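# A look at the structure
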Amino acid sequence: MLEDSSVDSFSEVFLRDQTLPIGVFDDFFQYAISLPEDVKLTDRIDTADAKMPEELLSRSEHLNESDRLIAHISPILRKAFTDRIHLIHLAPSTSGLTIGVIYNSSQATRILDVGPATNKIAEVEAFRKLWGDKAELRRFKDGSIAESIVWDIARPEEASRIPGRIVHHILKRHAGLSEVDIKSLSSDQAWSNVIQIPQSAREGVAVNGSEKLGFRPIMESYDELYKLLKDIDDELPLAILNVSPVTEMLRYSAPFIPHPIDLDRIASSPACLQHIPTAKITVQFESSPRWPDDLSAIQKVKLALFEKLGFLIESKLRGSKARMVFDSSYSEIEDHVSLEVLLPKGVAFNMRIFYEKEKTLLERALEDTKPVFGTALPTPPRKLVLPTMEKHMYRFIHAPKHHHGLAPLHHRYPSLSTATRLVKRWFAAHMLSLCISTEAIELLVAATYLDPGPLSAPASGTTGFIRTIQKLANWEWRSDPILVPLFGDQEGGTLKPKFDVELRKIVVEAFEKRPETSERAWCIATEDDLEGYRWTKGVSRVIAGRIGVLARATVKALEDSVTLAQGVNITVSLIPYFGENAANDQSLFTTPLSDYDVLLHLNPSIISTYAQSISPDHTQWDGKTFRNLVTKEQANVDFNPVYTFVKDIQERYHETVLVFYDKHGGSVVGLLWNPEKEQPRALKAFLGYSTKPAGGEVSFSWGFMWTEADFRLRWFLSIRMLFWARSLDWVVELSRGSN
């Protein structure tokens, strides 16, 4: 790391504390116990070659019981882990024993360990002595018979807990320690609970057994749809050139695994379970003279193609449903229609058509104020072209490239998926869903893996999460950009890409010359985005400051739990920092509500994603679903009226109100008056918010003003606009914050 002269890494290597186990090791175990009196370690240690009495030998080398336990357990654990780990560190603590483990990411989570063959009697005996009743004799496909260890898992996510289960089994068998005595970090089930829908909710609407398959059903459904689209070229007026995924669901980074939905029961289920997520894809058709040169006419052609495409999909895939979906607000020149496809397997897709010449026409409209020919159609106004160009670049250029750059990383780093899902859930749980894009979060986590500093890349999802939060806590975003070598070349096959030196200079120079604006706080650059603001436009200085405070509080709470030897557990209380109830089971993922000026409390029963919330009320769906009740009513795909309502508030009042919401089932909306609008300024027309004379020496100076009555009226008008979507029985309470 110090060999790279383009980066100043001195402080990162020598000045930053790297001794904290939560940031160094992939898993960390604590034993706040005393060694049982009936455990005689000398009975389990081979001292056949000793020339001194056993008791004297043991006590002369190990002065206390913790040292004796370490000397006994260390070789046994190393033998049990085999090639699953790179390093294991055991150390005594004031109240017991601590164990830190660095995993071998490619082997740590395998479910099968093959032992010696049956003809190796001595090795078989040693293997069974090590594992006890966990060892079993198995016959393999090649006809061989060998001792083996099989770790049964109910769902793919549980594979990350296998190393922890090994530690528990070995210590229970060889040191007499029960699982109650063991506190662990990555192996704690509570981490998985944060990014899993409750079992009762999943059983209410999901296809039976789908939880055992992880992301496989949606991946297989995408492959099925991809093959279909490639096979129907002869029946379409234009051939399909390319199909590209542009969604987190197809790159293993969706916070919640999209389990297939039982379509026979979804419509009769409670409203809080009826959300069907959609995976977004883009379809590129061939260039042809059949395409018009007018932006408005191109959208009409897309409508015709979708109509034909939907008919073919429904006829080729029996039981599938396809319908066109129009954006709520759009201009006639922008891409505003998509095709929504619901497969009989219970998986939904949303596809848009990419026409490459559309970008050229938009660029021409920005450059030319007059038609090229006298008979040409008039050029659309610039105020329509600019937002259209921005949407086009995001949907068809930037998002696909981001997906193709990030998707391979999940195969290179097996724990990246879990780490990304945890970080996304952390941001959402702290009501930041509207403030930071999912792409920006993915780049933050990718930076943790691609540029781990003096440490190796994390090999567990929990460590990846903690290091990312530590990065946020220590990041001086006012003076330092984050550079992510997402498309960088690997160095000598070490799987450690490096950001190009010349590109790094361009990024730094652009960052130093950036205009002073409150709307561009974070700079996260890649080789394809040297300015670093493509995915961070919503992160203002106020938001960046709050994220830093939340990150530092989260890290300090974890560090204190280790320092005080209370056991590493995410249920640690955050009372000194957030003022939350210590009884909350996921306090690291519970945000304070005292900092908001206004709180909107929504009825959980009408929140379609309520089952994804941190602490859902199971009575909202328990006993309200019926497996034998079948309805022919068509399910609403990606229907989330509460999230639409919150976004409507943000779009209408973003100048004056900062909106905070957890899109994963949050039942509270937090509103904060924009502190940047409180400064007096000159009066201008179309300010977009109420004002009052500020007084003072500056003439014609006006300050921000918003009364509660004014807000109630504006909020009421906003909520009425959503009743076109569905007649909702809302229970909404408006409360004032403490400030």
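The structure contained in this document is the topic of the report that follows. (Residues numbered from 1 in each chain as written. Predicted model: local features only at pLDDT ≥ 70, side-chain atom pairs only at ≥ 80, totals over all residues. Heavy atoms only, no water.)

## Notes on a nonpolar patch on the surface
So the rule is basically this: Put simply, a patch holds well-exposed residues, over 30% relative accessible area, that have no salt bridge, with like charges counted together within 9 Å and Val, Leu, Ile, Met, Phe, Trp or Tyr side chains within 5 Å. Surface accessibility in these figures is a Shrake-Rupley result with a 1.4 Å probe; residues are shielded only by whichever protein chains are displayed. By salt bridge we mean one thing: a side-chain nitrogen of Lys or Arg within 4 Å of a carboxyl oxygen of Asp or Glu. Helix numbers and strand numbers start at the N terminus; a helix is a DSSP run of H or I with at least 4 residues, a strand a run of E with at least 2. The rule is simple: take the accessible area with a 1.4 Å probe, protein chains only, and divide by the maximum for that residue type; under 20% is buried, over 50% is exposed, in between is partly exposed.
Together, Ile 111, Leu 112, Val 114 and Ile 153 give the surface a local cluster of nonpolar side chains, amounting to about 290 Å² of exposed area. Structurally, Ile 153 can be placed in the loop between strand S6 (145-150) and helix H6 (162-175). Its relative accessible area of 31% is what places Ile 153 among the partly exposed residues.

## Comments concerning the packing of aromatic side chains
Aromatic ring pairs are described here by two measures, namely the spacing of the ring centres and the angle between the planes. Counted only if it meets this: We call Phe, Tyr and Trp rings a pair once their centres come within 6.5 Å, taking the six-membered ring for Trp, and we label the pair stacked below 30 degrees between planes, edge-to-face above 60, and tilted otherwise. Here, a charge over a ring is recorded when the distance from Lys NZ or Arg CZ to the ring centre is within 6 Å and its angle to the ring normal is within 35 degrees.
Evaluated as defined, the whole model comprises 14 aromatic pairs. A ring pair is formed by Tyr 610 and Trp 621, whose centres lie 6.4 Å apart and whose planes are at 65°; its orientation type is edge-to-face. Pair noted here: Tyr 610 is in the loop between strand S15 (598-601) and helix H21 (641-653) and Trp 621 is in the loop between S15 and H21, with a separation of 11 residues, a long-range link. Comparing Tyr 610 with Trp 621, the two get one shared label, buried. Each residue in the set Trp 191, Phe 465 and Phe 589 is aromatic and connected to the rest through ring pairs, giving one cluster. The ring of Phe 487 has Lys 401 sitting right over it, with the charged end atom 5.9 Å from the ring centre. The positively charged end of Arg 514 is found above the aromatic ring belonging to Phe 511, 3.9 Å away from the centroid.

## Quick notes on the nonpolar core
Where we set the bar: We call a set of buried residues a nonpolar core when its members are Ala, Val, Leu, Ile, Met, Phe, Trp, Tyr or Cys and they connect through side-chain atoms within 4.5 Å of each other.
Among the nonpolar cores identified, the biggest contains 61 residues, and Phe 427, Leu 472, Trp 522 and Phe 589 are the most heavily contacted of them. For this core, the secondary-structure elements that each account for two or more residues are helix H7 (189-194), helix H15 (416-429), helix H16 (438-450), helix H17 (461-474), helix H19 (541-563), strand S16 (657-661) and strand S17 (668-673). The element contributing the most residues to this core is H16, with nine residues. Grouped together as the second largest cluster of nonpolar side chains are 46 residues, Phe 215, Tyr 222, Ile 257 and Val 283 included.

## Topic: the packing of helix H9 (residues 216-231) against helix H11 (residues 295-316)
For any two helices packed against each other, one specifies the crossing angle of their axes together with the interaxial distance. Applicable threshold: The axes used here are C-alpha line fits, helices contributing only the stretch in contact, and every angle between their N-to-C directions lies in the interval 0 to 180 degrees. Helix crossings get a hand from a simple test, with the near helix turned counterclockwise from the far one by less than a right angle marking a left-handed crossing and a clockwise turn marking a right-handed one. A contact between two residues is defined here by any heavy atoms of the two lying within 4.5 Å. For this scheme, ten residues count as nonpolar: Ala, Val, Leu, Ile, Met, Phe, Trp, Tyr, Cys and Pro. Four count as charged, namely Asp, Glu, Lys and Arg, and the remainder, Gly too, count as polar.
Two numbers describe how H9 lies on H11: the axes approach to 11 Å, and their chain directions differ by 115°. Pair H9 / H11 crosses with right-handed handedness. Contacts between H9 and H11 involve Leu 225, Leu 228 and Leu 229 from the former and Leu 309, Ile 313 and Lys 316 from the latter. When grouped by side-chain class, the residues that make up the contact of H9 with H11 number five nonpolar, no polar and one charged.

## A word on helix H5 (residues 121-131)
Put simply, the rule is: This arc corresponds to the set of directions leading from the helix axis out to the C-beta atoms.
When we look at burial in H5, the residues that qualify are Val 124, Phe 127, Leu 130 and Trp 131. All buried residues of H5 lie within an arc of 125° about the axis, which places them on one face of the element. Seen from the open side of H5, the exposed residues pointing more than 90 degrees away from its buried face are Ile 121, Ala 122, Glu 125 and Lys 129.

## Regarding the pairing of S6
Residues in a regular strand point their side chains to alternate faces of the sheet. Worth spelling out the cut-off: Two strands make a pair as long as DSSP finds a minimum of two bridges between them.
Of all six residues that make up S6, five are buried, and the element is covered over most of its length. Bridging between strand S4 (residues 112-117) and S6 involves four bridges; their strand directions are antiparallel. What sits directly across from Val 114, in S6, is Ser 148. As defined by bridge partners, strand S5 (residues 136-139) adjoins S6 across four bridges and the pair is classed as antiparallel. Bridge pairing links Glu 136 to Ser 148 in S6.

## Re the pairing of S17
For S17, the tally of buried residues reaches six of six residues, placing the bulk of the element in the interior. Residues of S17 alternate between two faces, with Val 668, Gly 670 and Leu 672 on one and Val 669, Leu 671 and Trp 673 on the opposite face, all of them buried. Pairing of S15 with S17, which is carried by four bridges, proceeds in the antiparallel orientation. Counted as the bridge partner of His 601 is Val 668 from S17. One ladder, built from five bridges, connects S16 with S17; its direction is antiparallel. Each residue of the ladder has a partner; that of Leu 658, found in S17, is Leu 672. Turn length for the S16-S17 hairpin, with the two strands adjacent in sequence and antiparallel, is six residues, and the turn residue Gly 665 shows positive phi of about 85°.

## Some details on the side chain of Glu 248
Applicable threshold: Polar contacts, as counted here, are pairs of nitrogen or oxygen atoms within 3.5 Å of one another; within protein the pair requires one atom able to donate a hydrogen and one able to accept it, and residues that are adjacent in sequence qualify only if both atoms are side-chain atoms.
Following the sequence through the fold, Glu 248 ends up in the loop between strand S8 (240-245) and helix H10 (263-266). A polar side-chain atom of Glu 248 sits 3.0 Å from a polar atom in the side chain of Thr 438. Once you skip the residues sitting within four places of it in the chain, Glu 248 turns out to touch Ser 253, Ala 254, Pro 255, Lys 424, Thr 438 and Glu 442.

## A closer look at the side chain of Ser 338
Within the secondary structure layout, Ser 338 lies in strand S11 (residues 337-342). A residue is classified by how much of its surface remains accessible, and Ser 338, at 1% relative accessible area, is buried. A polar contact is formed between the side chain of Ser 338 and the side chain of Asn 350, at a distance of 3.1 Å. Not counting residues up to four positions away in its chain, the partners in contact with Ser 338 are Phe 306, Arg 323, Met 324, Val 325, Asn 350, Met 351 and Arg 352.

## Description of the packing of H16 against H17
Under the convention used in this document: The scheme is simple: roughly parallel for angles under 35 degrees, roughly antiparallel for over 145, roughly perpendicular for 65 to 115, oblique for anything else.
Remark: H16 packs on H17, axes separated minimally by 9 Å, with the N-to-C direction vectors making an angle of 105°. By the angle between their axes, H16 is roughly perpendicular relative to H17. Note on element contacts: H17 touches H16 through Gly 461, Gly 464, Arg 467, Thr 468, Lys 471 and Leu 472, opposite Leu 444, Val 445, Ala 447, Thr 448 and Tyr 449. Grouping the constituent residues of the contact of H16 with H17 by class yields five nonpolar, four polar and two charged.

## Description of the sheet that holds strand S10 (residues 321-326)
Taken together, the five strands give an open sheet; going across it, the order is S8-S9-S12-S11-S10, and neighbouring strands pair in mixed fashion. The open sheet terminates on both sides in strands that have one partner only, identified here as S8 and S10. In this sheet, adjacent strand axes meet at a mean angle of 25° when their direction is disregarded. Each of S8, strand S9 (278-285), S10, S11 and strand S12 (348-354) is contacted by H11, which is oriented at about 5° to S11, the strand it contacts most.

## Some words on the sheet that holds S5
Taken in spatial order, the three strands line up as S4-S6-S5 in an open sheet, and their pairing is antiparallel. Across the chains shown, the open sheet's two edge strands, defined by having one partner strand only, are S4 and S5. The sheet shows a mean angle of 45° between the axes of neighbouring strands, direction not considered. Across the sheet, H5 is in contact with S4, S5 and S6; its angle to S6 comes to roughly 15°.

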